[in-house]
Every structure is written in C-alpha cells, then in structure tokens.
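# Coordinate analysis (summary)
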Amino acid sequence: MKPQTSKAPRAGRPGIAWAIPGVLFFAFFAAAPMGIVAYLSFTDWDGLSDPSWTGLDNWTRLWEDDGMRNAVWLSLLLTALTWLTQTPITLLLGVWAAGRQRNRAVLSAVFFLPLLASSVALALLWRTIFDPNFGLAADIADWFDLESADLLGSSRGAFAAILFVTGWQFIPFHMLIYQGGARQIPRSFYDAASIDGAGTVRQFFHITLPQLRNTIVTSTVLMVVGALTYFDTVLILTRGGPGDATEIVPYLMYDTGFAAFDLGYASAIACALVVVATTASLLLVRLTGFTRMRSTREGM
Amino acid sequence: MRSSDPWRPRRPRTLAAAAVLALAAPTLAACGSDGPGGGGDTLEVWVYQDGSSTIQQEFVDRFNETSDIDIELTQIPGESYQDRMRTAMGTPNAPDVFFNWGGGSISDFVAEDMLVDLTPYFDDDPEFQDAFIPTILDAGAVEGRYYGVPMRGVQPVILFYNRTLFGEAGLEAPATWDDFLTAVDTFQRDDITPVVLGGADIWPNMMWLEYLLDRQGGSEVFDRIRNGDASAWGDPAMLYAAETVVELVDSGAFGNDFRSVATTNDGAPTFFASGEAAMHLMGSWEYSNQLTNQPEFAENDLAWTTFPTLPDGVGDPSSVVGNPTNYWSVNSQVEGERLDAAVEFLKLHGDEDYAQALIDNGDIPTTSNAVDLIGSSPNPEFAQFQYDMVENAASFTLSWDQALPASQSAPMIDAIDQLFSGQLSAQEFVDSMQEL
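On a predicted model such as this, the values are computed, not experimentally measured, just so you know. Residue positions within a chain follow its written sequence, with the count starting from 1. Lettering for chains starts from A, numbering for ligands starts from 1, and both go in the order in which the items are written. For this predicted model, a pLDDT threshold of at least 70 governs which residues receive local features, and a threshold of 80 or more governs which side-chain atom pairs are given and counted, while totals over whole chains, interfaces and linings are taken from all residues. Side-chain figures throughout are based on the complete set of non-hydrogen atoms in the structure, without hydrogens or water.

This paragraph deals with a negative patch on the surface. Residues and elements named next belong to chain B. Exposure above 30% relative accessible area and the lack of any salt bridge qualify a residue for a patch; like charges then connect within 9 Å, and the nonpolar side chains Val, Leu, Ile, Met, Phe, Trp and Tyr within 5 Å. Each accessible area is a Shrake-Rupley result for a 1.4 Å probe, and residues are judged covered by the shown protein chains and nothing else. A side-chain nitrogen of Lys or Arg and a carboxyl oxygen of Asp or Glu constitute a salt bridge if their distance falls within 4 Å. When charges are tallied, Lys and Arg are placed among the positive residues and Asp and Glu among the negative ones, while His and the ends of the chain are skipped. To locate a charge, take atom NZ for lysine, CZ for arginine, CG for aspartate or CD for glutamate. A cluster of acidic residues, Asp41, Asp68, Asp70, Glu72, Glu337, Asp340 and Glu344, forms a negative patch on the protein surface. The secondary structure listing takes helices from DSSP runs of H or I that are at least 4 residues long and strands from runs of E that are at least 2 residues long, numbered from the N terminus. Of all elements in the fold, only β2 (70-77) and α16 (336-347) reach the threshold of two or more residues within the negative patch. Sort the elements by how many residues they give to the negative patch and α16 lands first, with three residues. Along the chain, Glu344 falls in helix α16.

Right under this line is the structure:
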C-alpha cells in the first residue's frame, strides 16, 4: 500500500486556515484600532476635522498633567488594594468550594451569581443601594445612628465603594479559578499529610498554597490588568467624582475623549495605559517564574 | 439533492473561508450603509428619547403618509445622545436631521461646514420665520446664521418649592436673597433639608452658579465667556457666585449628602416630593415629571417662583437661564430632493398642529401663537407662569454646558464638581477656569 501523499494534513494538527477567523478578528478589532490610536496620540483631533500632526505635544502634556498624575496614582492604588483584598478572599472561598462539604454546590452557585449580570446593571443597582435617602445605605446609616449616608459624596467613601462593588462582582470569577486549581491537587497529598498528623491549617499552607502557585499568578495577572482597566463601574457609580476622587486612568481617557472630544490626548492616555498594563502583566509572569512553567508536581 | 444540502460537512478550508466571509460581511456592509449622501429614498432622523419623543414619532408618521421620501426616526436614550451624535457626525453613519441644543452643541459642526445654513429658507418664507419667537430662534443661531428649527418646549430653570412646608413655617416664596437665607435657617431648625440638590449629576450644581452669576453680574459676564473671553471667568461676579456656592454648601443648605443624590434616577425629585426638602432648583420639566410620578404632591404642594435677587446684584431680576428649546439641524450632506423633503419636514414644526401637540404634552411651544394655546394646557397656571417668565425675560442664557464647546464644557463640569465637593476654593475655581 502506498503511503499517503504529503498533502494530507498531519493527524492531530489543524491547518493554519483554522486560525484565520481569529487572526482577522484580532487584526480588525484589536491590532488595527491600537495602531490607529498610536497614530492619533501624535495628533490634535476633535473627531470632526482631519487630525493635525502635533508631534510629541500630547506626550509631553501627559507627563506634566496633574490630572493624569492623580489618575495614575488612583489606578495604582485601586489595583494594589484590589489584589490585597480580593486574593485572600477568593483563595479561601475557592479552596473551600473545591471541597466536598454539604451545601457546597448550592452556596457556590449563589456566590457565582454576581458574575452573570452585566457590570453596568450591577453598578446601577449599587448606585440605588447607595442612595442616601432611599437606598439601603440610608437604613444602615440609621441603624448605626450616623448623621448621613454620604458614601459616594466623600472622596474615600466613593473610592471604597468602587473597590467594594468591583470586588463583589469579580470575586466569584477568581473563586472559580481557585476552585479549579484546588480540584487539580491530587488527593494522595492530603492523605499522606493526614497520616503524618498534619491538620487542616498545616495542609493548607504546606500543600494547597504551594500547589496553587501557578493559579495565583494567573489570577493575579487577570486582577491587575482588570483593575487597571475598570471603567463601567466608575462611569455609572461616581463619574470620577466627587471632584476627581475616583478619576482613574480609563475614566480620564473617556472623559478626555468623549466628553471634551480631545481625541488626540485621549489616545495618548490610552497608549500609556496599554503600555503600563502590558508591562505589568509581563513583569508579573516573568518575576514569578510562570514562564518556565515548572511543574508544581515534581516527584509525582 | 444531496450535494446542495447546506448542513453537509464540508472540507475545513471551505469552512474557514466561509467563516472569514461571514466575519467580514458586516464590516463591508457597514461601509455602504445608508447615510447622508448615500442617496436612497429615506432621511435618517435622530432624536433624544424622553417623554416628548412620541410627538416627534407622531409627526414623522404623519409626514411619511404624504411624502415620497420617508423619514426613519431613531430615538436615542438621553444619557448617550451627545456622545453618539458627535461621534457619528463626519462618518457615513451620521444622521440627516438631528436634535440638538443649538449654540456650543453645534458650533463645532458649523465650523466644519457640516450643517445646512437654514437662513435662506427663513428669508424666503416669512410665515415660517414669524411662526417662532425671535429670541428663541436667535438663541439657536451661530454667528448670526440660523442652523436650527425649534422643535420642543421652552425649558427655563425655575425655583420650585413646597407650598405646604413654606406655609407651615409661615414663609412666603423667597423674592430676595435675605428671604432665601431666612428660609434656609428656618428649615434647618425644623430638620428639613432646605434645598434638595442632585449633586451626583453635577449639572444641577451648575444651575446654581448660572443663576447666581446672572443675578450678581448680569447676563453679559457669561456672554463674554461664551464669545471666547476666558478672562471673564475672573469677573468679580463669578468669584462672588462661587463664594456664595461654597457658603451654601458649608452651611448645609443642600443637606449633608447632596453629592450622593442623583437627579437622573429620580432620587432628588422623589426626595423633594416626600416633603423632606423645601426647595428644588430645576428645569421646567420638573413639573411634568412630578405630575407623572407623584401627582398628589404636584397638585397639593408643588409651587414655583423665579430665582431671588441678590443684595448687590446688578443683573436683571427677570433674566432666565436654562435651555431655550431644542432644535432640528440638517446635515450638509443632504442635497437635492432629500433636502427639499427635509425642509418640508422642518416646516411642519411651525404649524399650529405641532404647537398644540406640545401643549397637550404639558410643554410650552416656542411658536408665536403659543400664548393663544396656553388655555388648553393640562396645567394652565404653570403654563402661563412659564410663558410669562420666558416672554418677559431680559435675557435667556443657554445652559453653560450646552453653550460652550465640548473642549471647555467637560473641564468646566469637572471644576464645578470640585468646587461643590470642597476640592477647589472659590478662588481656585475661578483661576482654573481662566486657564482653559
């Protein structure tokens, strides 16, 4: 019998043609717009006339702009606080959800609910809850005998509200990641540990946590990039206010681009954001040794 | 026939090609969409969606019955209207005829020759021109040329108050600033929020600055700003207005949580209707809003007055701020028969039928015959007050955020927010606005 001709596709390896839709989609909706934005960041454009070339003007302005400095600081703060608050919570919830307790499945499903709604709907919901006269916030302020429920009206309150609402929304997602990670840990590790007399806490720190190292990196990268690009919650809940207390970089970009129609400068902000977010995720991956893809199960 | 069965599995490469085509098809189709200049037998009309847009739909339907060229009306939800309009203009997806606020909201388009100059059509048809109140027509003009046809009711900003609360406190509607401050003190003692303010939306805050400036320094100060003189932000009257705002905020006149209260989700109007706040400075739409949502409050407690006078103010006490009305403008890409049809559609808005439809909706039309129609309004008393207020106004200052081009109004809104939340002092506010 003659062997098949070389034209026949190799088994198990799909042809390059399968990548075309994805590549085209990415080219049209991500790469091309990003290229255009990079070009626009060197121009002055109001969205109506033709963009006029202004060289590095937008970029020097970016460097000197107090509003941008404030936005960068707030974005970094939000990112750091997001990671610090969400990681412990999601890690514990995820590990818990990976177990076999009673009611676990039901409760996990309930925890998962916020992720199913759109962030705009959630932000609208929370804005109503935070209404100082008619929202739940008013009742809570009454219970604690507070003078007012001016959460969104104070700088720290509004910032905390953003942190809380985005956390509430995204914790289920990261919980799911940790649940999946924890489920992968072989049962025999725990069996061996219990024979050696290790309790639950010890098992958590000496087996679960080290085994979840790669999961933690994945979740961290998603959290960091996610927090750097939060937008809808801010738009609906605080509009960057009060004053500029929650004017993080993506909102500043929107406000500059689609309220002031200074699209050239907004493009420069957007480019800076792309660079920072990409660098942050690359650094994280590199520093944590994630790229080397070392197995967490050596010796198995 | 088996071979033509669409569900038969094909070779992967064909499938991939089909997928590519399916992906590209909408992109390609979008390039040829039916926009201005694209010909076709339709006119695309965009309107801001709210309680009045049913009237526009009704008249579009009426127009389509007789015209060869059909109008397709797109109602765009309020909050995103301005973004959508601005972003679409200059692209093939731009509307042919669109709703706007006149002034700064269209001046950028005029500068780019994107709008049809309607002045000749008014000149050729005096009946059409005379159908509208001249000051209203002028308010929509840019550099003396008409680019807009008035199509909604007048929307002056009015000081609404709770008649019952004022009565219980033994107070009259505040005519002077002293009256107003007395009312603020009295209500504060009684644990009633003197003034409800939907500060989360920021533009309600702006209304206070607008009136304070107008009463203190007259309408000329903002006219200078509007005409590009940023130094007018440094006018003593502006500083006074900003200082007064800070005093009001600090004294708790707006309550201590106004920055969390929104107007757009009905938070402020509902609080006002619940009898826990005594006054609300808001556009005239507040009345119909309350009539719809809290009819008992609107009928028993809701009263209205003009903004009080200031002790040393030189502004004319009859002056009004707000939105004179809204306008239709025509995209300059519309030509030939389609332009004729568009003009014919615009002329419908000077007819008595249209004015009557606005009246029935509780609005005050901007047509000269409005005065004769007011009697048939569902709320003649309020209609008459509003009509007189506008008719007798020494000046009608367009809302600042609509009067200024986007590049100035966006930072202004931010600065006003910072002034009201204490991040900027009155002097810092004035200074930062002069730098724009």
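What follows continues from the structure just given.
All names here are of chain A. Judged by side-chain polarity, Val106, Leu107, Val110, Phe111, Leu113 and Leu116 come together as a nonpolar surface patch covering roughly 550 Å² of accessible area. Along the polypeptide, Val110 turns up in helix α4 (residues 104-116). Buried means the residue's accessible area, taken with a 1.4 Å probe over protein chains only, is under 20% of the maximum for its type, while exposed means over 50%, and partly exposed covers the values in between. Exposure remark for Val110: the relative accessible area of 46% places this residue in the partly exposed category.

Along any regular strand, the residues point their side chains to alternate faces of the sheet. All names here are of chain B. When DSSP finds two or more bridges between two strands, those strands count as paired. Pairing of strand β1 (residues 42-49) with β2 involves eight bridges; the strand directions are parallel. Residue Tyr48 lies in a different strand from β2, and its bridge partner there is Ile76. In this region the chain leaves β1, passes through helix α2 (residues 53-66) and returns to the parallel neighbour β2; the handedness of that crossover is right-handed. Note that β1 and strand β3 (residues 97-100) share two bridges and pair parallel. Across the sheet, Val45 pairs through a bridge with Val97, a residue of β3. By convention, a crossover is right-handed whenever its connection, traced from the first strand over the helix to the second and viewed with the strands pointing away, goes clockwise.

What follows covers the domain arrangement of chain B. All names here are of chain B. Note that domain bounds follow an automatic or database assignment of domains. One can read the domain layout of chain B as domain 1 (42-154 + 324-397) and domain 2 (155-322 + 405-434). Distance from the C-alpha centre of domain 1 to the C-alpha centre of domain 2: 28 Å. Between domain 1 and domain 2, the contact holds 22 residues from the first and 23 residues from the second. Buried area: the accessible surface (1.4 Å probe) lost by two parts on joining, summed over both. Here domain 1 and domain 2 share an interface that buries about 1900 Å² over both sides, 60% of which is from carbon and sulfur atoms. For the domain 1 face of the interface with domain 2, the top three residues by lost area are Phe382, Met389 and Thr397, together amounting to 34%. In this structure, the connection of domain 1 to domain 2 is made through zero salt bridges. Pairs of N or O atoms are called polar contacts if they sit within 3.5 Å, as long as, within protein, a hydrogen donor faces a hydrogen acceptor (for residues adjacent in sequence, only side-chain-to-side-chain pairs). Applying the counting criterion to the domain 1 and domain 2 interface returns 11 residue pairs in polar contact (both at pLDDT 80 or more). Counted by class, the side of domain 1 that touches domain 2 contains 10 nonpolar, nine polar and three charged residues. Two residues form a contact once any of their heavy atoms are found within 4.5 Å. Under the convention adopted here, Pro, Cys and the residues Ala, Val, Leu, Ile, Met, Phe, Trp and Tyr are nonpolar, Asp, Glu, Lys and Arg are charged, and Gly plus all remaining residues are polar.

All right, on to the interface of chain B and chain A then. Accessible area lost during the coming together of the parts is what is often quoted as the interface size. At the interface, 37 residues of chain B touch 37 residues of chain A. Of the roughly 3000 Å² buried between chain B and chain A, counting both surfaces, carbon and sulfur atoms make up 57%. Inspection of the chain B/chain A interface yields zero salt bridges. Seen at the junction of chain B and chain A, the total is 10 residue pairs in polar contact (both at pLDDT 80 or more). Of all the secondary structure elements, the ones that give two or more residues to the side of chain B that touches chain A are α1 (12-31), α3 (81-88), α4 (104-111), α13 (267-273) and α21 (406-420) of chain B.

Now for empty space enclosed by the protein. Only protein atoms enter the 1 Å grid used here, on which a cavity is any set of points holding a 1.4 Å probe that cannot leave and a pocket is any open set flanked by protein within 12 Å on both sides along at least five of seven lines; residues with an atom within 4 Å of a point are listed as lining. Grid points are joined across faces, edges and corners, and a volume is the space filled by probe spheres set on the points. Enumeration over the complete set of coordinates arrives at two cavities of 30 Å³ or more. Its boundaries defined by the atoms lining it, the largest cavity holds a volume of some 170 Å³. As for the largest cavity, its lining consists of 15 residues, and the residues nearest its centre are Leu237 and Thr238 of chain A together with Gly199, Ala200 and Arg259 of chain B. In this structure, the second largest cavity encloses a volume near 40 Å³. If you go around the second largest cavity, the residues you meet are Phe132, Pro150, Met151, Arg152, His349, Tyr354, Ala355, Leu358, Pro365, Thr366 and Thr367 of chain B. Examining the composition of the lining of the second largest cavity, we find that three residues originate from one element, helix α17 (residues 352-360) of chain B, more than from any other. For the lining of the second largest cavity, the per-class residue count stands at seven nonpolar, three polar and one charged.

Turning to the layout of surface pockets, a few remarks are in order. Of the pockets and cavities examined, the second largest pocket occupies roughly 900 Å³. Elements with a minimum of two residues in the lining of the second largest pocket: α2 (57-64), α3 (66-97) and α12 (249-258) of chain A together with α21 and α22 (426-434) of chain B. Element by element, the count of residues in the lining of the second largest pocket is highest for α21 of chain B, at six residues. Tallied by class, the residues present in the lining of the second largest pocket amount to nine nonpolar, seven polar and 10 charged.

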